[in-house]
Amino acid sequence: QWYSLCGAQEKCLFQSSHLWWETSLFPRRMIPRPPAVHDLRGHSAVVTSVEVHPLYTIAVSGSEDGTIKVWDHESGEYFRTLKGHTNSIHGLSFTPTGSHLASASSDLSVKIWDFNTYTCVRTLRGHDHTISSVLFLPGPLSLFASGLSSAGNDTSEGSSAGEPTSSGTGIDSSLTGSQFLVSASRDTTVKFWDVETGFCDATISDHTDWVRCLAVRPESNSTPASSTTSFTTAANKEAVATSTTTASLLATAGNDRAIMVYDDESCKKNCELRGHDHVIETLAFLTCAPPSKSSKDSGTKITSKERR
(Lines give C-alpha, C1' and ligand atoms only; values in the text may rest on other atoms or scores of the structure.)
Protein backbone atom coordinates (compact mmCIF):
# COMPACT_ATOMS: atom_id res chain seq x y z
CA GLN A 1 0.00 0.00 0.00
CA TRP A 2 2.81 2.40 0.82
CA TYR A 3 4.47 1.54 -2.48
CA SER A 4 1.26 2.25 -4.38
CA LEU A 5 0.90 5.62 -2.66
CA CYS A 6 4.46 6.63 -3.57
CA GLY A 7 3.96 5.47 -7.12
CA ALA A 8 0.76 7.51 -7.44
CA GLN A 9 2.50 10.58 -6.01
CA GLU A 10 5.36 10.21 -8.47
CA LYS A 11 2.90 9.86 -11.34
CA CYS A 12 1.02 13.00 -10.27
CA LEU A 13 4.27 14.99 -10.09
CA PHE A 14 5.29 13.80 -13.55
CA GLN A 15 1.93 14.71 -15.05
CA SER A 16 1.92 18.16 -13.44
CA SER A 17 5.42 18.94 -14.74
CA HIS A 18 4.45 17.70 -18.20
CA LEU A 19 1.31 19.86 -18.13
CA TRP A 20 3.35 22.93 -17.13
CA TRP A 21 5.74 22.33 -20.03
CA GLU A 22 2.85 21.93 -22.47
CA THR A 23 0.93 25.02 -21.36
CA SER A 24 4.06 27.20 -21.21
CA LEU A 25 4.93 26.47 -24.83
CA PHE A 26 1.39 26.12 -26.20
CA PRO A 27 -1.29 28.19 -24.43
CA ARG A 28 -4.47 26.24 -23.73
CA ARG A 29 -6.70 28.71 -25.58
CA MET A 30 -4.65 28.28 -28.76
CA ILE A 31 -5.37 24.52 -28.91
CA PRO A 32 -9.09 23.86 -29.50
CA ARG A 33 -10.22 20.63 -27.92
CA PRO A 34 -13.65 19.02 -27.60
CA PRO A 35 -16.14 19.48 -26.15
CA ALA A 36 -17.13 22.93 -27.40
CA VAL A 37 -17.35 25.68 -24.80
CA HIS A 38 -20.60 27.03 -26.27
CA ASP A 39 -23.13 25.92 -28.86
CA LEU A 40 -24.63 29.05 -30.39
CA ARG A 41 -27.95 28.52 -32.14
CA GLY A 42 -30.52 30.96 -33.49
CA HIS A 43 -30.32 31.13 -37.28
CA SER A 44 -33.12 29.56 -39.28
CA ALA A 45 -30.87 28.63 -42.22
CA VAL A 46 -27.27 27.70 -43.03
CA VAL A 47 -24.59 29.81 -41.30
CA THR A 48 -22.26 31.03 -44.05
CA SER A 49 -19.85 33.39 -42.31
CA VAL A 50 -18.42 34.09 -38.85
CA GLU A 51 -16.24 37.02 -37.77
CA VAL A 52 -14.70 37.87 -34.39
CA HIS A 53 -14.43 41.43 -33.08
CA PRO A 54 -10.78 42.62 -32.96
CA LEU A 55 -11.09 44.08 -29.44
CA TYR A 56 -14.06 42.71 -27.53
CA THR A 57 -15.46 39.24 -26.83
CA ILE A 58 -18.00 39.59 -29.61
CA ALA A 59 -18.60 37.34 -32.59
CA VAL A 60 -21.00 37.90 -35.48
CA SER A 61 -22.52 35.29 -37.76
CA GLY A 62 -24.14 35.66 -41.17
CA SER A 63 -26.67 33.24 -42.57
CA GLU A 64 -28.71 32.34 -45.61
CA ASP A 65 -31.72 33.64 -43.69
CA GLY A 66 -30.46 37.18 -44.46
CA THR A 67 -29.70 38.14 -40.85
CA ILE A 68 -26.57 38.89 -38.83
CA LYS A 69 -26.54 37.76 -35.22
CA VAL A 70 -24.27 39.21 -32.53
CA TRP A 71 -22.96 36.90 -29.79
CA ASP A 72 -20.69 37.06 -26.75
CA HIS A 73 -18.32 34.17 -27.43
CA GLU A 74 -17.05 34.13 -23.83
CA SER A 75 -20.41 33.74 -22.09
CA GLY A 76 -22.32 32.28 -25.05
CA GLU A 77 -25.03 34.92 -24.75
CA TYR A 78 -27.03 36.21 -27.70
CA PHE A 79 -27.04 40.02 -28.06
CA ARG A 80 -29.14 41.07 -31.03
CA THR A 81 -30.00 40.53 -34.71
CA LEU A 82 -29.10 42.93 -37.51
CA LYS A 83 -31.67 42.95 -40.30
CA GLY A 84 -31.44 44.72 -43.63
CA HIS A 85 -30.37 42.26 -46.31
CA THR A 86 -33.01 40.58 -48.42
CA ASN A 87 -30.99 37.52 -49.40
CA SER A 88 -28.20 35.25 -48.18
CA ILE A 89 -25.16 36.77 -46.47
CA HIS A 90 -21.80 35.44 -47.66
CA GLY A 91 -19.13 37.62 -46.06
CA LEU A 92 -18.45 39.71 -42.95
CA SER A 93 -15.54 41.98 -42.03
CA PHE A 94 -14.73 44.26 -39.08
CA THR A 95 -12.68 47.43 -39.39
CA PRO A 96 -9.26 47.22 -37.66
CA THR A 97 -10.67 49.17 -34.70
CA GLY A 98 -13.95 47.27 -34.60
CA SER A 99 -16.05 50.41 -34.95
CA HIS A 100 -17.88 49.20 -38.08
CA LEU A 101 -18.91 45.93 -39.69
CA ALA A 102 -19.32 45.24 -43.41
CA SER A 103 -21.59 42.52 -44.78
CA ALA A 104 -21.84 41.12 -48.33
CA SER A 105 -24.96 39.48 -49.69
CA SER A 106 -26.62 37.89 -52.68
CA ASP A 107 -28.95 40.90 -52.84
CA LEU A 108 -26.10 42.67 -54.74
CA SER A 109 -25.31 45.03 -51.88
CA VAL A 110 -22.64 45.64 -49.25
CA LYS A 111 -23.90 47.12 -46.01
CA ILE A 112 -21.78 48.99 -43.44
CA TRP A 113 -23.02 48.80 -39.85
CA ASP A 114 -22.11 51.14 -37.01
CA PHE A 115 -21.24 48.83 -34.12
CA ASN A 116 -21.97 51.47 -31.51
CA THR A 117 -25.61 51.90 -32.54
CA TYR A 118 -26.00 48.59 -34.46
CA THR A 119 -27.55 50.45 -37.39
CA CYS A 120 -26.82 50.35 -41.10
CA VAL A 121 -25.13 53.63 -42.07
CA ARG A 122 -24.49 52.91 -45.76
CA THR A 123 -25.53 50.50 -48.51
CA LEU A 124 -23.05 50.13 -51.39
CA ARG A 125 -24.34 48.96 -54.76
CA GLY A 126 -22.48 48.36 -58.01
CA HIS A 127 -21.95 44.62 -58.47
CA ASP A 128 -24.06 42.74 -61.01
CA HIS A 129 -24.11 39.39 -59.22
CA THR A 130 -23.70 37.71 -55.82
CA ILE A 131 -21.11 39.39 -53.57
CA SER A 132 -19.13 36.57 -52.02
CA SER A 133 -16.53 38.31 -49.87
CA VAL A 134 -15.78 41.68 -48.29
CA LEU A 135 -12.68 42.98 -46.52
CA PHE A 136 -11.53 46.22 -44.91
CA LEU A 137 -7.97 47.15 -45.87
CA PRO A 138 -5.93 48.25 -42.84
CA GLY A 139 -3.90 51.46 -42.90
CA PRO A 140 -3.80 54.42 -45.30
CA LEU A 141 -4.05 52.82 -48.75
CA SER A 142 -4.90 55.84 -50.88
CA LEU A 143 -1.95 55.08 -53.16
CA PHE A 144 -3.21 51.57 -53.80
CA ALA A 145 -6.71 52.45 -54.95
CA SER A 146 -5.70 55.61 -56.77
CA GLY A 147 -2.93 53.79 -58.58
CA LEU A 148 -5.24 51.15 -60.00
CA SER A 149 -6.33 53.52 -62.76
CA SER A 150 -2.73 53.93 -63.91
CA ALA A 151 -2.31 50.14 -63.80
CA GLY A 152 -4.94 49.74 -66.50
CA ASN A 153 -7.96 48.85 -64.34
CA ASP A 154 -11.44 50.25 -64.90
CA THR A 155 -12.37 53.10 -62.58
CA SER A 156 -15.30 54.54 -64.48
CA GLU A 157 -17.87 53.02 -62.12
CA GLY A 158 -16.85 55.34 -59.34
CA SER A 159 -19.33 57.92 -60.60
CA SER A 160 -22.17 55.70 -61.76
CA ALA A 161 -22.77 52.21 -60.38
CA GLY A 162 -20.98 52.94 -57.15
CA GLU A 163 -22.40 56.41 -56.57
CA PRO A 164 -23.95 56.97 -53.14
CA THR A 165 -27.24 58.78 -52.66
CA SER A 166 -25.63 61.47 -50.50
CA SER A 167 -22.32 63.31 -50.30
CA GLY A 168 -20.77 60.80 -47.91
CA THR A 169 -21.22 57.90 -45.51
CA GLY A 170 -20.60 59.90 -42.36
CA ILE A 171 -17.76 57.52 -41.49
CA ASP A 172 -14.39 58.91 -40.44
CA SER A 173 -11.53 56.76 -41.75
CA SER A 174 -9.33 57.85 -38.85
CA LEU A 175 -11.90 56.32 -36.52
CA THR A 176 -12.21 53.05 -38.41
CA GLY A 177 -8.49 52.58 -39.09
CA SER A 178 -9.32 51.80 -42.73
CA GLN A 179 -9.86 53.97 -45.77
CA PHE A 180 -10.95 51.35 -48.30
CA LEU A 181 -13.30 48.40 -48.42
CA VAL A 182 -12.80 45.61 -50.97
CA SER A 183 -15.58 43.40 -52.29
CA ALA A 184 -15.40 40.31 -54.51
CA SER A 185 -18.31 39.14 -56.63
CA ARG A 186 -19.61 36.46 -58.94
CA ASP A 187 -19.60 39.08 -61.71
CA THR A 188 -15.79 38.37 -61.91
CA THR A 189 -14.81 41.78 -60.52
CA VAL A 190 -13.18 43.13 -57.37
CA LYS A 191 -14.26 46.62 -56.31
CA PHE A 192 -12.54 49.17 -54.07
CA TRP A 193 -14.89 51.42 -52.08
CA ASP A 194 -13.95 54.62 -50.31
CA VAL A 195 -15.18 54.25 -46.73
CA GLU A 196 -15.74 57.99 -46.24
CA THR A 197 -17.49 58.88 -49.53
CA GLY A 198 -19.12 55.55 -50.38
CA PHE A 199 -17.89 55.79 -53.98
CA CYS A 200 -16.46 52.87 -55.94
CA ASP A 201 -12.98 54.20 -56.68
CA ALA A 202 -11.65 51.29 -58.74
CA THR A 203 -12.61 47.94 -60.27
CA ILE A 204 -10.30 45.02 -61.01
CA SER A 205 -11.37 42.67 -63.81
CA ASP A 206 -8.43 40.27 -64.06
CA HIS A 207 -10.44 37.15 -63.16
CA THR A 208 -12.45 35.24 -65.76
CA ASP A 209 -14.92 33.63 -63.37
CA TRP A 210 -16.54 33.99 -59.95
CA VAL A 211 -14.23 35.71 -57.42
CA ARG A 212 -14.92 33.96 -54.12
CA CYS A 213 -12.32 35.04 -51.56
CA LEU A 214 -9.96 37.82 -50.52
CA ALA A 215 -6.90 37.97 -48.29
CA VAL A 216 -4.58 40.76 -47.18
CA ARG A 217 -1.08 40.51 -45.78
CA PRO A 218 -0.44 43.17 -43.13
CA GLU A 219 3.01 44.66 -42.75
CA SER A 220 4.32 46.78 -39.87
CA ASN A 221 4.26 50.55 -40.30
CA SER A 222 7.06 52.73 -38.95
CA THR A 223 4.74 55.70 -38.39
CA PRO A 224 2.50 55.38 -35.34
CA ALA A 225 -1.17 55.86 -36.13
CA SER A 226 -1.67 58.10 -33.11
CA SER A 227 0.70 60.73 -34.50
CA THR A 228 -1.09 61.17 -37.81
CA THR A 229 -4.81 60.87 -37.07
CA SER A 230 -7.44 62.36 -34.80
CA PHE A 231 -10.02 60.41 -32.81
CA THR A 232 -13.43 60.96 -31.30
CA THR A 233 -13.21 58.64 -28.29
CA ALA A 234 -10.44 57.47 -26.00
CA ALA A 235 -11.27 53.80 -26.70
CA ASN A 236 -10.91 54.19 -30.46
CA LYS A 237 -7.76 56.27 -29.97
CA GLU A 238 -6.13 53.42 -28.09
CA ALA A 239 -7.34 50.87 -30.63
CA VAL A 240 -5.98 52.72 -33.64
CA ALA A 241 -2.73 53.57 -31.87
CA THR A 242 -2.01 49.88 -31.34
CA SER A 243 -2.95 49.03 -34.93
CA THR A 244 0.16 50.21 -36.77
CA THR A 245 -0.15 48.01 -39.85
CA THR A 246 -0.66 48.72 -43.51
CA ALA A 247 -1.64 46.28 -46.20
CA SER A 248 1.31 45.14 -48.28
CA LEU A 249 -0.23 42.44 -50.45
CA LEU A 250 -3.80 41.72 -51.53
CA ALA A 251 -4.77 38.32 -52.94
CA THR A 252 -7.95 37.31 -54.78
CA ALA A 253 -9.11 33.88 -55.96
CA GLY A 254 -12.17 32.01 -57.17
CA ASN A 255 -13.64 29.66 -59.74
CA ASP A 256 -10.99 30.28 -62.40
CA ARG A 257 -8.46 28.44 -60.14
CA ALA A 258 -6.09 31.41 -60.24
CA ILE A 259 -4.74 33.46 -57.33
CA MET A 260 -4.03 37.08 -58.22
CA VAL A 261 -1.60 38.89 -55.91
CA TYR A 262 -1.40 42.69 -55.95
CA ASP A 263 1.32 44.89 -54.47
CA ASP A 264 0.25 48.17 -52.88
CA GLU A 265 3.59 49.80 -53.71
CA SER A 266 3.44 49.30 -57.48
CA CYS A 267 -0.40 49.22 -57.58
CA LYS A 268 -0.15 46.43 -60.13
CA LYS A 269 -0.61 42.68 -60.24
CA ASN A 270 2.44 41.20 -58.60
CA CYS A 271 1.98 37.61 -59.74
CA GLU A 272 -0.57 35.02 -60.80
CA LEU A 273 -0.49 31.66 -59.00
CA ARG A 274 -1.96 28.52 -60.58
CA GLY A 275 -1.91 24.91 -59.44
CA HIS A 276 -5.34 24.00 -58.05
CA ASP A 277 -7.56 21.67 -60.06
CA HIS A 278 -10.82 23.05 -58.74
CA VAL A 279 -12.48 26.10 -57.22
CA ILE A 280 -10.45 28.09 -54.65
CA GLU A 281 -12.75 28.91 -51.74
CA THR A 282 -10.43 30.46 -49.14
CA LEU A 283 -7.11 32.33 -48.90
CA ALA A 284 -4.69 33.21 -46.11
CA PHE A 285 -1.18 34.65 -45.88
CA LEU A 286 1.51 33.11 -43.71
CA THR A 287 2.60 36.34 -42.04
CA CYS A 288 5.49 34.90 -40.02
CA ALA A 289 7.69 32.40 -41.86
CA PRO A 290 9.63 29.87 -39.76
CA PRO A 291 13.35 30.65 -39.56
CA SER A 292 15.72 28.66 -41.72
CA LYS A 293 18.42 26.44 -40.26
CA SER A 294 21.16 28.92 -41.14
CA SER A 295 19.33 31.79 -39.47
CA LYS A 296 18.79 29.67 -36.36
CA ASP A 297 22.48 28.84 -36.12
CA SER A 298 23.65 32.40 -36.72
CA GLY A 299 20.93 34.02 -34.61
CA THR A 300 20.01 36.47 -37.40
CA LYS A 301 16.50 37.67 -38.10
CA ILE A 302 14.60 36.99 -41.29
CA THR A 303 14.44 40.00 -43.57
CA SER A 304 11.21 41.20 -45.18
CA LYS A 305 12.53 40.10 -48.57
CA GLU A 306 13.11 36.54 -47.32
CA ARG A 307 9.67 36.50 -45.72
CA ARG A 308 8.05 37.52 -48.98
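Thresholds applied
Residues numbered from 1 in each chain as written. Predicted model: local features only at pLDDT ≥ 70, side-chain atom pairs only at ≥ 80, totals over all residues. Heavy atoms only, no water. Helix = DSSP H or I, 4+ residues; strand = E, 2+ residues; numbered from the N terminus. Buried < 20%, exposed > 50% of the residue type's maximum accessible area, 1.4 Å probe, protein only. Contact = heavy atoms within 4.5 Å. Phe/Tyr/Trp six-rings, centres within 6.5 Å; stacked < 30°, edge-to-face > 60°. Lys NZ or Arg CZ within 6 Å of the ring centre and 35° of its normal. Core = buried A, V, L, I, M, F, W, Y, C linked by side-chain atoms within 4.5 Å. Polar contact = N/O pair within 3.5 Å; in protein donor to acceptor, adjacent residues only side chain to side chain. Salt bridge = Lys/Arg side-chain N within 4 Å of Asp/Glu carboxyl O. Pairing = 2+ DSSP bridges. Axes fitted to C-alpha atoms, helices over the stretch in contact; angles between N-to-C directions. pLDDT = per-residue confidence, 0-100.

Draft legend 1. Examining the overall build of the protein chain more closely. When its secondary structure is counted, the protein chain shows 6 helices and 16 strands. Here the protein chain holds 308 residues, and the buried ones make up 42% of them. Considering only contacts in the protein chain between residues 6 or more positions apart, those separated by 24 or more positions represent 56%.

Draft legend 2. Quick look at the packing of aromatic side chains. Following the criterion strictly, the structure yields 3 aromatic pairs and no others. Both rings, one in phenylalanine 94 and one in phenylalanine 115, keep their centres 5.0 Å apart while their planes meet at 85 degrees; by these two values the pair is edge-to-face. Placement of the pair is phenylalanine 94 in strand β5 (residues 89-94) and phenylalanine 115 in the loop between β7 (109-114) and β8 (119-125), with a sequence separation of 21 residues. What links up through ring pairs into an aromatic cluster is the set Phe94, Phe115 and Tyr118. Above the ring of tryptophan 210, the side-chain terminus of arginine 212 is found at 3.9 Å from the ring centroid.

Draft legend 3. Fine view of the nonpolar core. The biggest cluster of nonpolar side chains holds 16 residues, and the ones touching the most others in it are Leu137, Val182, Ala184, Val190, Phe192, Ile204 and Leu214. Elements represented by at least two residues in this core include exactly β9 (131-138), β10 (178-185), β11 (190-194), β12 (200-204), β13 (211-220) and β15 (258-263). One finds Phe136, Ile171, Leu181 and Val195 within the second-largest nonpolar core, a separate group that totals 13 residues.

Draft legend 4. Molecular detail of the side chain of serine 183. Note on placement: serine 183 falls in strand β10. Serine 183 sits in the buried class, given a relative accessible area of 0%. A polar contact is formed between the side chain of serine 183 and the side chain of histidine 127, at a distance of 2.7 Å. If we ignore the near neighbours within four places in the chain, the residues touching serine 183 are Val110, His127, Ile131, Ser133, Val134, Thr189, Val190, Lys191, Trp193 and Leu214.

Draft legend 5. Seen up close, the environment of lysine 269. When you line up the elements, lysine 269 lands in strand β16 (residues 268-274). Its relative accessible area of 37% is what places lysine 269 among the partly exposed residues. Here the alpha-carbon distance between lysine 269 and isoleucine 204, two residues 65 residues apart in the chain, equals 10.0 Å. What lysine 269 contacts, discounting residues up to four positions off in sequence, is Asp206, Met260, Val261 and Tyr262. Of note is the side chain of lysine 269, whose polar atom sits 3.2 Å from the side chain of glutamate 272.

Draft legend 6. Layout of the pattern of salt bridges. Throughout the structure, instances matching the rule amount to 3 salt bridges. In this structure, lysine 269 and glutamate 272 form a salt bridge, with 3.2 Å as the shortest nitrogen-oxygen distance.

Draft legend 7. Representation of the sheet that holds β11 within the structure. A sheet is described by the order of its strands in space; here 4 strands give the open sequence β9-β10-β11-β12, paired in antiparallel fashion. Each having just a single partner strand, β9 and β12 make up the two edges of the open sheet. The mean angle between the axes of side-by-side strands here comes to 20 degrees, regardless of whether they run parallel or antiparallel.

Draft legend 8. Up close: the confidence of the model for the protein chain. Looking at the protein chain, pLDDT values average 76 and 62% of them are 70 or higher. This model gives residues 141-147 a pLDDT under 50, and the stretch forms 16 contacts once residues within four places in sequence are excluded. Note on residues 155-167: pLDDT is under 50 here. Beyond four places in sequence and across chains, it has 25 contacts.

Draft legend 9. Geometry of the pairing of β9. Burial analysis of β9 places 8 of its 8 residues in the buried class, which makes it a mostly covered element. In the sheet, β9 pairs with β10 via 7 bridges, with the strands oriented antiparallel. Opposite phenylalanine 136, over in β10, you have leucine 181 as the bridge partner.

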